[in-house]
Each structure stands twice: as C-alpha cells, then as structure tokens.
Amino acid sequence: MAKESTPIKKVIKTETRKTESPTGAYSSVSSRKRVTNERTNTPSDFTFNMDNIKWILISTGLVTLGYFLMMGGRMPSPDVWDDKIIYSFRRTVIAPVFILTGLGLAIYAIFRNKPSEIKS
C-alpha cells in the first residue's frame, strides 16, 4: 500500500490596523445625524392629517350603514319562507353599493395626498 499524501494547508495571516475612532452614539459623525432635543413629531410630519381622518370616518360610516341595511327583517312566521324578504332589493343591491362605496372612499382617503401649504 502506498502512503497517501496529506494536503498541505496554507495559512495566510493578515493584519488589520485599528484606527482610533470614538465609539457610541457618535461613532461615525459624518454618516449619522446628531440627536437634538427638538420636537420631531410635529403635526405636519404625520402620515394622515385631519382631512384624511375625516374621509376614513365617513367611509367607515358608509360600510357600517351598508351592513345594517343588509341585516334585519325576519319572517312573519317561522313556518313560512318568503323570498321577497330575504332577496329584497335593499339587501341585494342597495346595501352592497353602500359597502363598496365606503371601501372605495377608504382607499381614496388612504392614498390622498396632503394638501400643499402655500406660504405667502
């Protein structure tokens, strides 16, 4: 039997230079912003303003009204099935229109841009 040669491992040593840099919150002053004591969450910085919230509340009311229109109405007698009460125009057409209008209005309210403030 012949001896199997073991592979030779090469070891590469590298040196790293340590540069003196401050550590902590201001370790990279050029790339970080300094923290100031200014108020950062001003009303102009919010995603939704009062106009957006107003439209979202109106859309929530429309959806709720649509569900209330779809609900309600019971049979006069438990033994009688009346298709006109269950499949009425109010439940099959009007209520879904209110619900879809409310959902569309909610999408509009979410994607609505902030009004631009013109300072004179």
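For the structure, see preceding data.
Attention in this report is confined to the structure presented alongside it.

Procedures and definitions
- Residues numbered from 1 in each chain as written.
- Predicted model: local features only at pLDDT ≥ 70, side-chain atom pairs only at ≥ 80, totals over all residues.
- Heavy atoms only, no water.
- Helix = DSSP H or I, 4+ residues; strand = E, 2+ residues; numbered from the N terminus.
- Expected span 1.5 Å × (residues − 1).
- Bend = angle between axes of the 7 residues up to and from the residue.
- Buried < 20%, exposed > 50% of the residue type's maximum accessible area, 1.4 Å probe, protein only.
- Contact = heavy atoms within 4.5 Å.
- Axes fitted to C-alpha atoms, helices over the stretch in contact; angles between N-to-C directions.
- Parallel < 35°, antiparallel > 145°, perpendicular 65-115°, else oblique.
- Left-handed = near helix turned anticlockwise from the far one by under 90°.
- Arc of directions from axis to C-beta.

Looking now at helix α3 (residues 89-111). In a regular helix each residue adds 1.5 Å, so 23 residues correspond to 33 Å; α3 covers 32 Å between its end C-alpha atoms and thus fits that length. Maximum bend of α3: about 25°, positioned at A95, with proline P96 one to four residues after it. Buried within α3 we find R91, A95, I99, G102, L105, A106 and A109. Of the surrounding secondary structure, the elements contacted by the buried residues of α3 are α1 (50-70) and α2 (83-86).

What follows deals with the packing of α1 against α3. α3 packs onto α1 with a crossing angle of 165° between their chain directions and a minimal axis gap of 8 Å. Comparing the axis directions of α1 and α3 gives the class roughly antiparallel. For the element pair α1 and α3, the recorded crossing hand is left-handed.

Another aspect to go through is α1. Compared with an ideal rise of 1.5 Å per residue, which puts 21 residues at 30 Å, α1 spans 30 Å between its outermost C-alpha atoms and is within 8% of the ideal. Buried within α1 are the following residues: N52, S59, V63 and G66. On an axial view of α1, the arc spanned by its buried residues comes to 55°, and they lie on one face. Summarising the geometry of α1, the exposed residues directed more than 90 degrees from the buried face are M50, L57 and F68. On its buried face, α1 is in contact with α3. Phi turns positive one or two residues past the end of α1, at G72, with a value near 95°.

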